[in-house]
Amino acid sequence: MQFVISKENYQYKCKKCNRITNLKSSELEWRLTESYSRTQGLENMYTASIHSRCRCGQEMGIEFTVWEYPKGVINCQDNQASGCIVLNKLEMKLDNG
Ligand SMILES: [Zn+2]
């Protein structure tokens, strides 16, 4: 099931050789990682991660995190990149269908 959707693609850049890699955001596999009980119901945390290796040998990884609270609303989003730099921010929304 796809919880979080984005129609955009994103780009990230190798920290070592500056090569830019494109990836379709539809290739991200989201999963519900944690849920917290809050006053207006559950706060859900979704994560998706990618790992790849640049042609120069550099290992690259990005972990995307999205928090849903209250239900149906993206409260906050973040990404942690290692070995690379994320060049654009994804506009994400929740698929409640
Ligand atoms: Zn590289």
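Our subject in this report is the structure included herewith.

Rules behind the numbers
Residues numbered from 1 in each chain as written. Predicted model: local features only at pLDDT ≥ 70, side-chain atom pairs only at ≥ 80, totals over all residues. Helix = DSSP H or I, 4+ residues; strand = E, 2+ residues; numbered from the N terminus. Buried ≥ 20, exposed ≤ 12 C-beta atoms within 10 Å, placed from the backbone. Pairing = 2+ DSSP bridges. Axes fitted to C-alpha atoms, helices over the stretch in contact; angles between N-to-C directions. Core = buried A, V, L, I, M, F, W, Y, C linked by C-beta atoms within 7 Å. Contact = placed C-beta atoms within 7 Å.

### Here we look at the overall build of the protein
Helix and strand content of the protein: 0 helices and 9 strands. In the protein, the order of α-helices and β-strands from amino to carboxyl end is β-β-β-β-β-β-β-β-β. If one aligns the C-alpha atoms of the protein with their principal axes, the spans along those axes are about 50 × 20 × 20 Å. Here the protein holds 97 residues, and the buried ones make up 14% of them.

### Some points on the pairing of strand E7 (residues 74-82)
Little of E7 sits inside the fold, with 0 of its 9 residues counted as buried. Where strand E6 (residues 59-68) lies against E7, 8 bridges are found, and the strand directions are antiparallel. Following the sheet pairing, glutamate 68 is matched in E7 by isoleucine 74. The hairpin turn running from E6 into E7, its antiparallel successor, is 5 residues long, and glycine 72 in that turn takes a positive phi close to 85 degrees.

### Brief notes about the sheet that holds E7
What holds strands together in a sheet is hydrogen bonding between their backbones, with the strands either parallel or antiparallel. Ordered by their spatial adjacency, 4 strands build an open sheet running E4-E5-E6-E7, and the pairing between neighbours is antiparallel. Both outer strands of the open sheet, strand E4 (31-38) and E7, are each paired with one neighbouring strand and no more. Averaged over all neighbouring strand pairs, the angle between strand axes comes to 15 degrees, with direction disregarded. Where E4 meets strand E5 (residues 41-53), 7 bridges bridge the pair, whose relative direction is antiparallel. The residue bridging glutamate 34 from the neighbouring strand is methionine 45, located in E5.

### Thoughts on the sheet that holds strand E2 (residues 9-14)
One open sheet holds the 3 strands; their spatial order is E3-E2-E8, and the pairing between them is antiparallel. Strands at the two margins of the open sheet, each flanked by one partner only, are strand E3 (20-24) and strand E8 (84-86). Here the strands of the sheet are splayed against their neighbours by 30 degrees on average, with no regard to which way each runs. Summarising the sheet, E2 and E8 pair through 3 bridges and their orientation is antiparallel. When the sheet's bridge partners are listed, lysine 13 is paired in E8 with isoleucine 85.

### Here we look at the nonpolar core
By size, the foremost hydrophobic cluster in this structure holds 13 residues, and its most contacted members are Val4, Tyr12, Met60, Ile62, Phe64, Val66 and Cys84. The contacts of isoleucine 62, once residues within four sequence positions are left out, are Tyr12, Ser49, Ile50, Asn79, Ala81, Cys84 and Val86.

### Observations concerning the pairing of E5
Linking two consecutive strands that pair antiparallel, namely E4 and E5, is a turn of 2 residues. Direction of pairing for E5 relative to E6: antiparallel, over a ladder of 10 bridges. Across the sheet, residue serine 49 finds its bridge partner in E6, namely glutamate 63. Between the end of E5 and the start of E6, which pair antiparallel, lie 5 residues, with glycine 57 showing a positive phi angle near 100 degrees.

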